[in-house]
Amino acid sequence: MSESTHRKKNPSGGCGSEENLSPVENGKKAFSNKKELVLASEEELVSFVKSAHEPSYRAKQIYEWVALKRVCDPDKMTNLSVSLREKLKEAFACCTVKVAETRSAQDGSCKLLLTLADGESVECAIIVARDGRNTFCLSTQVGCPVRCSFCASGEHGLVRNLSAGEIIGEYLACCSIIGKSPDNVVIMGIGEPLLNYDNLVCALEKICDPEGMKLSARRVTISTSGWTPGIRSLAKLGRQWNLAVSLHAPDDKTRASLIPGKFRRDIRDILEACKMHREATGRLLTFEYVLLKDVNDSKEFASRLVKVAKEADAKVNLIPYNEANGGFSRPDREKVNAFAAVLERAGIPVTVRVEKGFEADAACGQLRSSAEKRRKK
Ligand code: SAH
Ligand code: SF4
C-alpha cells in the first residue's frame, strides 16, 4: 500500500484540531499563546513577513530553515536580517525545547534531558545500532497517566501533554546532535502517545511531510500500552506508521497486575484494534514484552504468548527489565534466552532489546526522575 493512497485528511483535524481525542486533561498548559514556529505553514509565514513589511521570499527562507535545514532558532537563520529575526522571535514561540544534559554510551548512543519553556523536563534518546543507523526515541508527555507498576515514567502520573511543537523540538534537538535526519523514529520515550493523540499526529505529520522534513512514515513506530481507542483512530487515519503494543503478559489477569485499570484494555479488544490497524495500513505489528523475574518470564508464559502473537501475526520484542520502581527484578540471561527460544521454535520473529550501557539513571524515564529529585531538593 503506498503512502500517497493514505494521504487523506486527518479525521481528527490534525494540527490545531478543536476536538481532542485524548481522554486525559492537558492539566498544565504548555507555555505561551504564541504559535510555535515549527508548526507554522508557508501561508502563515507569508502573512507574517507581510506584516513585518519584508519581501515575500523571506517566508520561503524561514520555512526552509525549519523544514529542510531543521533549524528553529531565529538567531541561526543567517540569511535573515537581525531585525527580522527579532520580529520572528516576537511573533512565534521558537526553541521551546532546550538540551539540559546528555549521557553517552560507548557506541555513540546518547540520552538527552530536555527542559521545556515552563521548566518541566522530558527525555529523548539517540540510539546507534551496530550498522551505524540512528534511531531517535521521543517522548510525548511529561510523566504518564497510565502508571505501569514497573515504569519510572509513570511513577508520579501525568504532569502535562507535550505540544506538537515540543515533540518536533525533540526531533530537531536530536537532528542537530547527529547533524542529519535519523534512519528511524520510535515513539517510546516518556508518556503514552495515544493519550496525546492530536499533538502526536500533528507532530508526526510535520516530521513526515514530503514537502518538509521528509522522514518516511514507514520509518516511524508508535509504541502504546494498548490504548485501543487510539489504535482505532490511527487505523482510520491510515498513515504508514508502524505500531508496537506493550503487551507484557499473554493474559488479562497478569496484565492487570502490571497496568492499572483506568487506561488498560482487554487483550481481546487489543487484538481486534490491531487487526483493524493492519487491514487499514498493511504495516507490521510488534508486541513489546518487559521481562520481569518470576512475574511473566516462565516458559509457560512464553507458550501462551506464542498463541497471542500468532493470532495477531506479530513480532515480539523482549525487553529485560531495567531497574526502576515497583520492586521488580530482571531475569538472568539464561531465562531470557529460554523465553526467546520458545517463541523462535514456534516461528515467531523475536528480538531481545540490547542494553546500551548508559551511565547510571539513564533507563527510560530515569534521567528525568533524577533531575526532578534534584529540582525539588
Ligand atoms: N507508553 C508507551 C511507550 C513508552 S514506554 C508504552 O508503554 O508502550 C516504551 C517501552 O518501555 C514500553 O514497552 C514499556 O513497557 C517499556 N518500559 C518501561 N519501563 C521499563 C523498565 N523499567 N524496564 C524495561 N522496559 C520498560
Ligand atoms: Fe506510561 Fe508506557 Fe511507562 Fe506504562 S510503560 S507508565 S504507558 S510510559
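See above for the structure.
Please read all numbers here as calculations on a predicted model, not as lab measurements.

Caption draft 1: Here's a closer look at the site of ligand 1. Near ligand 1, the surroundings consist of 17 residues, among which G191, S223, S246, H248 and N322 are the closest. Between a nitrogen atom of ligand 1 and a main-chain N or O atom of F150, the distance comes to 3.2 Å. Contact distances for ligand 1 include 2.9 Å between an oxygen atom and a side-chain N or O atom of H248. The protein chains hide 94% of the 530 Å² of surface that ligand 1 would expose on its own. Looking at the shell around ligand 1, the elements with two or more residues in it are β10 (220–224) and β12 (285–291). Looking at the shell around ligand 1 residue by residue, the class counts come to seven nonpolar, eight polar and two charged.

Caption draft 2: Geometry of the environment of D198. Mapped onto the elements, D198 comes out in helix α5 (residues 197–207). Take D198: its relative accessible area is 5%, and that puts it in the buried class. It is 9.2 Å that separates the C-alpha atoms of D198 and S163, two residues lying 35 residues apart in sequence.

Caption draft 3: Examining the packing of aromatic side chains more closely. By the definition in use, this model includes five aromatic pairs. On the basis of an interplanar angle of 75° and a centroid distance of 5.6 Å, the ring pair of W227 and F263 is categorised as edge-to-face. Of this pair, W227 sits in the loop between β10 and α6 (228–237) while F263 sits in the loop between α7 (252–258) and α8 (267–281); the two residues are 36 residues apart in sequence, bridging distant segments of the chain. In this structure, K69 packs its charged tip against the face of W65, placed 3.9 Å from the ring centre. Here R304 stacks its cationic end above the ring of F301, 4.8 Å away from the centre of that ring.

Caption draft 4: Representation of the site of ligand 2 in the model. In the vicinity of ligand 2, the contacting residues are C144, V146, R147, C148, C151, S153, G154, G191 and S225. Here the residues of the shell around ligand 2 are counted per class, giving four nonpolar, four polar and one charged.

Caption draft 5: A look at the sheet that holds strand β3 (residues 97–104). With mixed pairing, the ten strands of this open sheet are ordered in space as β3-β4-β5-β6-β9-β10-β11-β12-β13-β14. Bordering the open sheet on either side are β3 and β14 (350–352), each of which pairs with just one other strand. In this sheet, neighbouring strand axes are inclined to one another by 20° on average, regardless of whether the strands run parallel or antiparallel. Relative to β14, strand β13 (residues 314–320) is paired through three bridges, and the arrangement is parallel. Looking at β14, one finds that V316 is bridged to V350. Contacts between helix α9 (residues 299–312) and the sheet are confined to β12 and β13, with β12 contributing the most and set at about 165° to the helix. Seen against the sheet, helix α10 (residues 333–345) touches β12, β13 and β14 and runs at an angle of roughly 175° to β13.

Here is what the cut-offs are and how they apply
Residues numbered from 1 in each chain as written. Chains lettered and ligands numbered in written order. Predicted model: local features only at pLDDT ≥ 70, side-chain atom pairs only at ≥ 80, totals over all residues. Heavy atoms only, no water. Near = heavy atom within 4 Å. Polar contact = N/O pair within 3.5 Å; in protein donor to acceptor, adjacent residues only side chain to side chain. Areas by Shrake-Rupley, 256 points an atom, 1.4 Å probe, with all protein chains shown as cover. Helix = DSSP H or I, 4+ residues; strand = E, 2+ residues; numbered from the N terminus. Nonpolar A, V, L, I, M, F, W, Y, C, P; charged D, E, K, R; others polar. Buried < 20%, exposed > 50% of the residue type's maximum accessible area, 1.4 Å probe, protein only. Phe/Tyr/Trp six-rings, centres within 6.5 Å; stacked < 30°, edge-to-face > 60°. Lys NZ or Arg CZ within 6 Å of the ring centre and 35° of its normal. Pairing = 2+ DSSP bridges. Axes fitted to C-alpha atoms, helices over the stretch in contact; angles between N-to-C directions. Contact = heavy atoms within 4.5 Å.

Keep in mind that these numbers describe shape and distance, not what the molecule does.
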